[in-house]
Amino acid sequence: MKTQNMLDYIGDKMDAVDFDGDLDLNWDKEARVFEVELTMTVEAAKGYEVEDQDGQTIDDGEIDYSDAILFYDATSLNGDDYKDNYLAVFGFQGKQGIAKATVDAVFAYLQEVLDDGQSDLMDFVDGTSDADTFELHFDEAKYQTAYAKQPEASRHEYLPYPQY
(Lines give C-alpha, C1' and ligand atoms only; values in the text may rest on other atoms or scores of the structure.)
Protein backbone atom coordinates (compact mmCIF):
# COMPACT_ATOMS: atom_id res chain seq x y z
CA MET A 1 0.00 0.00 0.00
CA LYS A 2 1.32 3.42 -0.96
CA THR A 3 1.99 5.86 1.88
CA GLN A 4 -0.34 8.83 1.84
CA ASN A 5 1.44 12.17 1.32
CA MET A 6 0.76 15.53 2.94
CA LEU A 7 -1.36 16.85 0.09
CA ASP A 8 -3.70 13.87 0.02
CA TYR A 9 -3.95 13.57 3.79
CA ILE A 10 -4.69 17.26 4.37
CA GLY A 11 -7.28 17.09 1.58
CA ASP A 12 -8.96 14.10 3.23
CA LYS A 13 -9.00 15.87 6.59
CA MET A 14 -10.59 18.93 4.97
CA ASP A 15 -13.29 16.75 3.43
CA ALA A 16 -14.14 15.39 6.89
CA VAL A 17 -14.67 18.84 8.47
CA ASP A 18 -18.34 19.67 9.12
CA PHE A 19 -18.48 23.28 7.91
CA ASP A 20 -21.10 25.27 6.01
CA GLY A 21 -18.45 27.55 4.52
CA ASP A 22 -15.72 26.78 2.03
CA LEU A 23 -12.39 25.11 2.65
CA ASP A 24 -9.81 25.24 -0.14
CA LEU A 25 -6.33 23.79 -0.32
CA ASN A 26 -3.65 25.67 -2.23
CA TRP A 27 -0.23 24.17 -2.86
CA ASP A 28 2.58 26.45 -3.97
CA LYS A 29 5.23 24.02 -5.21
CA GLU A 30 7.91 26.68 -5.66
CA ALA A 31 7.49 28.14 -2.16
CA ARG A 32 6.86 24.65 -0.70
CA VAL A 33 3.81 25.71 1.25
CA PHE A 34 0.21 24.59 1.63
CA GLU A 35 -2.59 27.00 2.54
CA VAL A 36 -5.88 25.78 3.93
CA GLU A 37 -8.20 28.68 3.15
CA LEU A 38 -11.49 28.96 4.97
CA THR A 39 -14.34 31.24 4.05
CA MET A 40 -17.47 31.89 6.09
CA THR A 41 -20.49 33.58 4.60
CA VAL A 42 -23.37 35.02 6.63
CA GLU A 43 -26.27 37.36 5.96
CA ALA A 44 -25.96 40.84 7.45
CA ALA A 45 -28.93 42.22 9.35
CA LYS A 46 -30.77 44.93 7.44
CA GLY A 47 -29.66 48.40 8.42
CA TYR A 48 -26.59 47.20 10.35
CA GLU A 49 -23.39 48.38 8.66
CA VAL A 50 -20.32 46.17 8.60
CA GLU A 51 -16.97 46.99 7.07
CA ASP A 52 -15.51 43.88 5.44
CA GLN A 53 -11.86 42.80 5.26
CA ASP A 54 -11.39 44.81 2.08
CA GLY A 55 -12.69 48.03 3.67
CA GLN A 56 -16.05 47.94 1.85
CA THR A 57 -19.14 48.92 3.85
CA ILE A 58 -21.99 46.43 3.62
CA ASP A 59 -25.36 47.23 5.14
CA ASP A 60 -27.43 44.43 3.62
CA GLY A 61 -26.59 41.06 2.13
CA GLU A 62 -23.80 38.54 2.37
CA ILE A 63 -20.69 39.09 4.43
CA ASP A 64 -17.66 36.93 3.69
CA TYR A 65 -14.84 36.33 6.14
CA SER A 66 -11.67 34.55 5.04
CA ASP A 67 -8.61 33.31 6.84
CA ALA A 68 -6.05 30.56 6.30
CA ILE A 69 -3.72 28.09 7.95
CA LEU A 70 -0.21 27.76 6.53
CA PHE A 71 1.89 24.61 6.39
CA TYR A 72 5.42 25.64 5.38
CA ASP A 73 8.77 23.97 4.74
CA ALA A 74 10.70 24.79 7.92
CA THR A 75 13.96 23.76 6.23
CA SER A 76 13.74 26.74 3.87
CA LEU A 77 11.31 29.26 5.44
CA ASN A 78 10.96 31.00 8.79
CA GLY A 79 7.40 30.56 10.06
CA ASP A 80 7.67 33.67 12.23
CA ASP A 81 7.70 35.72 9.02
CA TYR A 82 4.14 34.54 8.28
CA LYS A 83 2.45 34.38 11.69
CA ASP A 84 0.77 37.78 11.35
CA ASN A 85 -0.81 36.84 8.02
CA TYR A 86 -2.37 33.51 8.99
CA LEU A 87 -4.72 32.07 11.57
CA ALA A 88 -1.97 29.55 12.40
CA VAL A 89 1.30 28.32 10.88
CA PHE A 90 2.85 24.85 11.07
CA GLY A 91 6.27 23.84 9.83
CA PHE A 92 7.16 20.58 8.17
CA GLN A 93 10.56 19.01 7.60
CA GLY A 94 11.19 19.28 3.85
CA LYS A 95 10.75 16.01 1.97
CA GLN A 96 10.25 14.11 5.24
CA GLY A 97 6.98 16.00 5.63
CA ILE A 98 4.92 16.45 8.76
CA ALA A 99 3.90 14.22 11.65
CA LYS A 100 0.45 12.76 11.17
CA ALA A 101 -0.40 13.76 14.76
CA THR A 102 0.20 17.42 13.92
CA VAL A 103 -2.26 17.38 11.03
CA ASP A 104 -4.82 15.36 13.01
CA ALA A 105 -4.60 17.80 15.92
CA VAL A 106 -4.91 20.83 13.62
CA PHE A 107 -8.11 19.53 12.10
CA ALA A 108 -9.55 18.28 15.39
CA TYR A 109 -9.15 21.75 16.87
CA LEU A 110 -10.07 23.53 13.62
CA GLN A 111 -13.56 22.03 13.85
CA GLU A 112 -14.04 23.85 17.18
CA VAL A 113 -12.60 27.09 15.77
CA LEU A 114 -14.99 26.98 12.81
CA ASP A 115 -18.05 26.11 14.91
CA ASP A 116 -17.40 28.92 17.38
CA GLY A 117 -16.32 31.32 14.65
CA GLN A 118 -19.44 30.82 12.54
CA SER A 119 -21.63 31.55 15.56
CA ASP A 120 -19.54 34.56 16.58
CA LEU A 121 -19.63 35.95 13.03
CA MET A 122 -23.42 35.69 12.93
CA ASP A 123 -23.61 37.55 16.24
CA PHE A 124 -21.22 40.18 14.90
CA VAL A 125 -23.14 40.93 11.71
CA ASP A 126 -26.55 41.03 13.39
CA GLY A 127 -25.37 43.51 16.02
CA THR A 128 -25.71 41.25 19.08
CA SER A 129 -21.94 41.13 19.67
CA ASP A 130 -20.15 43.80 21.70
CA ALA A 131 -16.99 43.38 19.60
CA ASP A 132 -15.84 46.18 17.30
CA THR A 133 -14.06 43.76 14.98
CA PHE A 134 -14.37 40.10 14.11
CA GLU A 135 -11.56 37.64 13.66
CA LEU A 136 -11.02 33.98 14.30
CA HIS A 137 -8.69 32.97 17.12
CA PHE A 138 -6.44 29.92 17.13
CA ASP A 139 -5.64 29.11 20.75
CA GLU A 140 -2.23 27.41 20.97
CA ALA A 141 -3.10 25.80 24.33
CA LYS A 142 -6.25 24.21 22.88
CA TYR A 143 -4.27 22.99 19.87
CA GLN A 144 -1.68 21.47 22.24
CA THR A 145 -4.51 19.71 24.10
CA ALA A 146 -5.75 18.26 20.80
CA TYR A 147 -2.18 17.20 19.98
CA ALA A 148 -1.77 15.51 23.37
CA LYS A 149 -4.83 13.35 22.57
CA GLN A 150 -3.18 11.95 19.43
CA PRO A 151 -1.73 8.42 19.61
CA GLU A 152 2.01 8.28 20.31
CA ALA A 153 2.62 6.29 17.11
CA SER A 154 1.14 9.08 14.94
CA ARG A 155 3.67 11.55 16.40
CA HIS A 156 6.41 9.50 14.74
CA GLU A 157 4.55 8.65 11.51
CA TYR A 158 5.38 11.23 8.86
CA LEU A 159 3.31 12.22 5.87
CA PRO A 160 5.91 12.91 3.14
CA TYR A 161 5.97 15.97 0.94
CA PRO A 162 4.30 15.12 -2.41
CA GLN A 163 6.50 14.15 -5.36
CA TYR A 164 4.31 15.35 -8.22
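Everything in this summary refers to the structure shown in the same document. (Residues numbered from 1 in each chain as written. Predicted model: local features only at pLDDT ≥ 70, side-chain atom pairs only at ≥ 80, totals over all residues. Heavy atoms only, no water.)

A cluster of acidic residues, Asp18, Asp20, Asp115, Asp116, Asp120, Asp123 and Asp126, forms a negative patch on the protein surface. Mapped onto the elements, Asp120 comes out in helix H2 (residues 100-125). (Patch = residues over 30% accessible without salt bridge, like charges linked within 9 Å, V, L, I, M, F, W, Y side chains within 5 Å. Areas by Shrake-Rupley, 256 points an atom, 1.4 Å probe, with all protein chains shown as cover. Salt bridge = Lys/Arg side-chain N within 4 Å of Asp/Glu carboxyl O. Lys, Arg positive; Asp, Glu negative; His and termini not counted. Charge placed at Lys NZ, Arg CZ, Asp CG, Glu CD. Helix = DSSP H or I, 4+ residues; strand = E, 2+ residues; numbered from the N terminus.)

Below, the discussion takes up the pattern of salt bridges. Inspection of the entire model under this criterion finds 5 salt bridges. With a closest N to O distance of 3.2 Å, Asp80 and Lys83 form a salt bridge. Relative accessible area serves as the criterion here: at 52%, Asp80 is assigned to the exposed category. Relative accessible area serves as the criterion here: at 47%, Lys83 is assigned to the partly exposed category. Glu112 is the partner of Lys142 in a salt bridge, and the nearest nitrogen-oxygen pair spans 3.4 Å. With a gap of 30 residues between them, Lys142 in helix H3 (residues 140-148) and Glu112 in helix H2 connect regions that are remote in the sequence. By relative accessible area, Glu112 is classed as partly exposed at 33%. (Buried < 20%, exposed > 50% of the residue type's maximum accessible area, 1.4 Å probe, protein only.)

Before going further, it helps to spend a moment on helix H1 (residues 6-16). Buried within H1 we find Met6, Leu7, Tyr9, Ile10, Gly11 and Met14. Among the residues of H1, the N-terminal cap falls to Asn5, whose side-chain oxygen and the backbone nitrogen of Leu7 are separated by 3.0 Å. (Polar contact = N/O pair within 3.5 Å; in protein donor to acceptor, adjacent residues only side chain to side chain.)

Glancing now at the sheet that holds strand E1 (residues 22-28). Spatially, 4 strands are ordered E1-E2-E5-E6 in an open sheet, and the strand pairing comes out mixed. Every interior strand has two partners, whereas the edge strands, E1 and strand E6 (88-92), have only one. Across this sheet, the average inter-strand angle for adjacent strands is 20°, counted without regard to direction. In this structure, E1 lies alongside strand E2 (residues 33-44), joined through 7 bridges in antiparallel fashion. Within the sheet, the bridge partner assigned to Asp28 lies in E2 and is Val33. Of the strands in this sheet, E1, E2, strand E5 (61-73) and E6 touch H2, which is tilted by about 25° from E2. (Pairing = 2+ DSSP bridges. Axes fitted to C-alpha atoms, helices over the stretch in contact; angles between N-to-C directions. Contact = heavy atoms within 4.5 Å.)

None of the figures reported here should be taken as evidence of function without further support.
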